[in-house]
Every structure is written in C-alpha cells, then in structure tokens.
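# Structure at a glance
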Amino acid sequence: MRTLQLKLFLLFRSVPNDDMTLRQLLDKFGLIERFTPYVAGGRGALRNGEAREWLEKRRNEAIAEVTLAVATIAMLAAIVAAMRSYSGR
C-alpha cells in the first residue's frame, strides 16, 4: 500500500533535489531506513544518489502504469462503441 501511495505522490511531484526535502519524503513513506546505514548507536548520512535513483525508477513505473491504464480504458471504449454501432444496424 505504501508503494502505491508513493507512486501516486510521485506522479504529481518530481523527486526532490534538496537533501532535506528528500529525507522528509523518505521518512513520510517509511523508507528512510532503506537509505541510511546504521552507525554506532544511530543512523548515518542519507545515501542521496541511491535514494533519488530508486525514487526516479518508482516514478517512471507509475507513469508507465497510468499510461497502460489509460490505453486499456481507451481500447475498451472503442470496443463498446464498435459493438453499439454494430448492434444498431
């Protein structure tokens, strides 16, 4: 569910360039642990490049999924329209 929410978020907003905003985004979606290594007693520095690359991939996936959904709906609408025009004869 979190991944879906993240993808919806990334559809409308780009991956942040600012380190603080990136950290807040990762924290909001519970992904901060994935990109901050454990060091003595706490968390180390955020691996910014890796996090941005991962988020960019999720954003591209979301765009591809929406494109596929729109194409599928358009195809179904065309089939329904063809069936209506055929049955109206």
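Residues numbered from 1 in each chain as written. Predicted model: local features only at pLDDT ≥ 70, side-chain atom pairs only at ≥ 80, totals over all residues. Heavy atoms only, no water.

## With respect to the environment of isoleucine 32
Put simply, the rule is: What counts as a helix is a DSSP run of H or I of at least four residues, what counts as a strand is a run of E of at least two, and both are numbered from the N terminus. Contacts are assigned to residue pairs that have any heavy atoms within 4.5 Å of one another.
Tracing the sequence through the fold places isoleucine 32 in the loop between α2 (19-28) and β1 (38-39). Put simply, isoleucine 32 and arginine 47 are 15 residues apart on the chain and 9.8 Å apart in space, counted from C-alpha to C-alpha. In contact with isoleucine 32, other than residues within four places in its own chain, are Arg23, Leu26, Asp27 and Leu46.

## Things to note about the nonpolar core
Definition in use: To define a nonpolar core, start from buried Ala, Val, Leu, Ile, Met, Phe, Trp, Tyr and Cys residues and group those joined through side-chain atoms within 4.5 Å. Think of it in three bands: residues with accessible area under 20% of the maximum for their type are buried, residues over 50% are exposed, and the middle band is partly exposed, with areas taken using a 1.4 Å probe on protein chains only.
Core analysis: the largest hydrophobic core is formed by 14 residues, its most contacted members being Leu6, Leu26 and Leu55. If you list the elements that add at least two residues to this core, you get α1 (2-12), α2 and α3 (48-87). Leucine 6 has contacts with Phe29, Leu31, Trp54, Leu55 and Arg58, leaving out every residue within four places of it along the chain.

## Side note on the confidence of the model for the chain
Regions with low pLDDT carry predicted coordinates that are not meant to be interpreted in detail. Convention followed: Confidence of the predictor at the level of single residues is given by pLDDT, which spans 0 to 100.
Residue-level pLDDT values for the chain average 89, and 91% of them are 70 or greater. Summarising per-element confidence for the chain, the mean pLDDT is lowest in strand β2 (residues 42-43) (65) and highest in α3 (94).

## Focus on α3
Let me state the cut-off plainly: What a helix is expected to span follows from its residue count: subtract one and scale by 1.5 Å.
End to end, α3 covers 58 Å across 40 residues, agreeing with the expected 58 Å (1.5 Å per residue, within 8%). When α3 is considered as a whole, its buried residues turn out to be Asn48, Ala51, Trp54, Leu55, Arg58, Arg59 and Ala62. In this structure, the buried residues of α3 make contact with α1 and α2.

## Remarks on the pattern of salt bridges
Convention followed: Any carboxyl oxygen of Asp or Glu within 4 Å of a side-chain nitrogen of Lys or Arg constitutes a salt bridge here.
Throughout the structure, instances matching the rule amount to six salt bridges. Lysine 57 serves as the salt-bridge partner of glutamate 53, at 3.8 Å between the closest nitrogen and oxygen. Of the two residues, glutamate 53 and lysine 57 both sit in helix α3, four residues apart, roughly one turn of that helix. What makes glutamate 53 partly exposed here is its relative accessible area of 49%. For lysine 57, a relative accessible area of 45% translates into the label partly exposed. Linking arginine 58 and glutamate 61 is a salt bridge whose minimum nitrogen-to-oxygen distance equals 3.0 Å. Linking arginine 58 with glutamate 61, this pair stays in helix α3, spanning three residues, or about one helical turn. When its relative accessible area of 13% is taken as the criterion, arginine 58 is described as buried.

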